[in-house]
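# Topology and contacts: notes
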Amino acid sequence: MLDKKAETNFIETQKPIIEKYLKYNYNGIETITYYEKPFKTPMGSLDIKGYVNDDKNLNFSATTYPPEGFQGGHSSSPELAEMRKPEK
């Protein structure tokens, strides 16, 4: 378990990784906004939630595992899912 300061630092290091992942895998992402507080799951992971392009209907939740970090696990709204790039 991380203390509050370490948790905040960990979250801040994960945001650029999540942004890179979203921009690589989805079309048309201009901006990414995060909600204030991540959700801590009973298993110890942190779900960092946000939305893209100033549209709260284009929302996502990215799961991170301290200390490993974000590994690509996420969920998205149906509206954001429509923006996903086709697999190559």
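Structure shown above.
What you are looking at is a predicted structure, and each value in this text was computed from that prediction instead of being measured.

What counts and what doesn't
Residues numbered from 1 in each chain as written. Predicted model: local features only at pLDDT ≥ 70, side-chain atom pairs only at ≥ 80, totals over all residues. Heavy atoms only, no water. Buried < 20%, exposed > 50% of the residue type's maximum accessible area, 1.4 Å probe, protein only. Helix = DSSP H or I, 4+ residues; strand = E, 2+ residues; numbered from the N terminus. Pairing = 2+ DSSP bridges. Phe/Tyr/Trp six-rings, centres within 6.5 Å; stacked < 30°, edge-to-face > 60°. Lys NZ or Arg CZ within 6 Å of the ring centre and 35° of its normal.

### Some remarks on the pairing of strand S3 (residues 46-52)
In terms of burial, S3 is a largely internal element, 6 of the 7 residues being buried. Bridge analysis of strand S1 (residues 32-34) against S3 gives 3 bridges, and the strand direction is antiparallel. Considered in S3, the bridge of Tyr34 is made with Gly50. Where strand S2 (residues 39-40) lies against S3, 2 bridges are found, and the strand directions are antiparallel. Opposite Phe39, over in S3, you have Asp47 as the bridge partner. Between S2 and the antiparallel strand that follows it, S3, lie 5 residues; Gly44 among them carries a positive phi value of about 100°. The pairing of S3 with strand S4 (residues 55-65) spans 7 bridges and is antiparallel. In the sheet register, Lys49 faces S4, and the bridge partner there is Ser61. Joining the antiparallel neighbours S3 and S4 is a turn of 2 residues, in which Asn53 adopts a positive phi near 55°.

### Some words on the packing of aromatic side chains
Taken as a whole and judged by the stated rule, the model has 3 aromatic pairs. Between the aromatic rings of Tyr21 and Phe70, the centroid separation amounts to 5.3 Å while the plane-to-plane angle is 80°, which identifies the pairing as edge-to-face. One end of the pair, Tyr21, is in helix H1 (residues 4-25); the other, Phe70, is in strand S5 (residues 69-76), and 49 residues separate them in sequence. By relative accessible area, Phe70 is classed as buried at 10%. Measuring from ring centre to ring centre gives 5.3 Å for Tyr35 and Tyr51, while their planes differ by 55°; the resulting arrangement is tilted. Of this pair, Tyr35 sits in the loop between S1 and S2 while Tyr51 sits in strand S3, and the two are 16 residues apart along the sequence. In this structure Tyr35 comes out as partly exposed when scored by relative accessible area, which is 36%. Residue Tyr51 is classed as buried on the basis of its relative accessible area of 12%. Over the ring of Tyr24 we find Lys85, and its NZ or CZ is 5.9 Å from the ring centre.

On their own, these measurements won't tell you what the molecule is for.
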